[in-house]
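Notes for the structure review
What follows is the residue order along each chain.
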Amino acid sequence: MSANTVIHRIVRPAVRRVAPSGVTPNQITTLRLVTGLAAALAFAAAPPWPAIGGVIFLLSMLLDRADGELARQTGQSSPDGHVYDLLADCTSNAIAFLGLGVGQVAVLGAWGPILGALAGLGIGALFWQLHVLKLGEVRGWNLAPGILVDPDDLMVFVPLLLWIGATVPMLFAAAIITPVLAILLGLAGRRKLGAG
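The text that follows walks through the structure, step by step, so that each part is easy to find. (Residues numbered from 1 in each chain as written. Predicted model: local features only at pLDDT ≥ 70, side-chain atom pairs only at ≥ 80, totals over all residues. Heavy atoms only, no water.)

1. So, a nonpolar patch on the surface
On the surface, a cluster of nonpolar side chains totalling about 1,100 Å² of accessible area is made up of Val6, Ile10, Val55, Leu62, Trp141, Leu143, Ile147, Leu154, Phe157, Leu160, Trp163 and Ile164. Among the secondary structure elements, those contributing two or more residues to the nonpolar patch are helix H1 (6–18), helix H3 (49–74), strand S1 (141–144) and helix H7 (157–163). Counting residues per element, the nonpolar patch draws most heavily on H7, which supplies three residues. For Ile10, the position within the fold is in helix H1. (Patch = residues over 30% accessible without salt bridge, like charges linked within 9 Å, V, L, I, M, F, W, Y side chains within 5 Å. Areas by Shrake-Rupley, 256 points an atom, 1.4 Å probe, with all protein chains shown as cover. Salt bridge = Lys/Arg side-chain N within 4 Å of Asp/Glu carboxyl O. Helix = DSSP H or I, 4+ residues; strand = E, 2+ residues; numbered from the N terminus.)

So, in structure tokens, the structure goes:
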């Protein structure tokens with residue numbers, strides 16, 4: 001993943017101000033995890049909490065970029081910190097969909113949590129395949145000169161879709177797309193390993 005996406009650029013000035021304070025990247029990662037879990041709980045609750053959860057989720061996304069940015073700016077990058085960051089990111093993103101699914105029980109019945117769990121499991125599988133098994137490489141897109149977006153940045157659509165009332169279609173799409181992508185990546189990785 002790039003370290004110079006739009007979200008990195010947004011958090012960079014704030015990180016420069018925080019860097020001399022002694023706050024560590026792992027502390028920011030922990031705050032990212034806590035806010036990710038708080039967002040999921042808010043998504044699962046009755047209104048107006050899901051809308052508030054969207055704000056918390058956006059904050060969590062900013063913290064996701066801030067921890068790595070702080071590590072680079074202060075020379076505190078470490079393999080253990082990177083693993084912790086990946087686990088926090090995976091957990092926060094996966095649990096968000098479970099929370100969204102639980103929050104839709106009134107509309108979807110038991111299918112809400114099932115769809116949320118499928119999306120969360122798909123996200124977890126993709127993280128495992130990409131970051132542990134190294135079956136693929138995550139690359140960003142240059143939307144325009146100086147505007148780089150990573151696939152993970154697309155999670156910004158989670159609160160946006162929630163706020164416009166499109167949570168149910170988002171759940172269906174995520175419950176189908178993420179497991180299918182995980183299966184396709186697994187098959188491609190298997191063919192790659194068999195050819196090598």
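2. Some words on the packing of aromatic side chains
For the structure shown, the criterion picks out one aromatic pair. When the centroid spacing of 6.1 Å and the interplanar angle of 45° are considered together, the rings of Phe43 and Phe57 count as tilted. One end of the pair, Phe43, is in helix H2 (residues 25–44); the other, Phe57, is in helix H3, and 14 residues separate them in sequence. Relative accessible area serves as the criterion here: at 2%, Phe43 is assigned to the buried category. For Phe57, a relative accessible area of 0% corresponds to the buried category. (Phe/Tyr/Trp six-rings, centres within 6.5 Å; stacked < 30°, edge-to-face > 60°. Buried < 20%, exposed > 50% of the residue type's maximum accessible area, 1.4 Å probe, protein only.)

3. Quick word on the environment of Ser60
For Ser60, the position within the fold is in helix H3. The exposure class assigned to Ser60 is buried, which follows from its relative accessible area of 0%. A C-alpha to C-alpha distance of 8.3 Å links Ser60 and Val34, two positions 26 residues apart in sequence. Apart from residues lying up to four places away in sequence, Ser60 is in contact with Arg32, Thr35, Gly36 and Ser92. (Contact = heavy atoms within 4.5 Å.)

4. Details of the pattern of salt bridges
One pass over the structure, following the stated rule, counts seven salt bridges. Shared partners join several salt bridges into a network, and the residues in it are Arg32, Asp64, Arg65, Asp89, Asp152 and Asp153.

5. What to know about unusual backbone geometry
Pro47 connects to Pro48 through a cis peptide bond whose omega is 10°. With respect to the helices and strands, Pro48 occurs in the loop between H2 and H3. Phi is positive for Lys134, which is not a glycine, with a value near 55°. Tracing the sequence through the fold places Lys134 in the loop between helix H6 (111–132) and S1.

6. Considering the packing of H2 against helix H4 (residues 79–103)
Where H2 contacts H4, the two axes come as close as 7 Å, and the packing angle between them is 10°. Put simply, H2 runs roughly parallel to H4. Here the contact of H2 with H4 is built from residues that sort into eleven nonpolar, ten polar and three charged. (Axes fitted to C-alpha atoms, helices over the stretch in contact; angles between N-to-C directions. Parallel < 35°, antiparallel > 145°, perpendicular 65-115°, else oblique. Nonpolar A, V, L, I, M, F, W, Y, C, P; charged D, E, K, R; others polar.)

7. Digging into the packing of H1 against H3
Between H1 and H3, whose axes approach to 9 Å, the crossing angle comes to 60°. Classified by the angle between their axes, H1 and H3 sit oblique to one another. Crossing of H1 over H3 shows right-handed handedness. In contact with Ile7, His8, Ile10, Val11, Arg12, Val15 and Arg16 of H1, H3 contributes Met61, Leu62, Arg65, Ala66, Glu69, Leu70, Arg72 and Gln73. (Left-handed = near helix turned anticlockwise from the far one by under 90°.)

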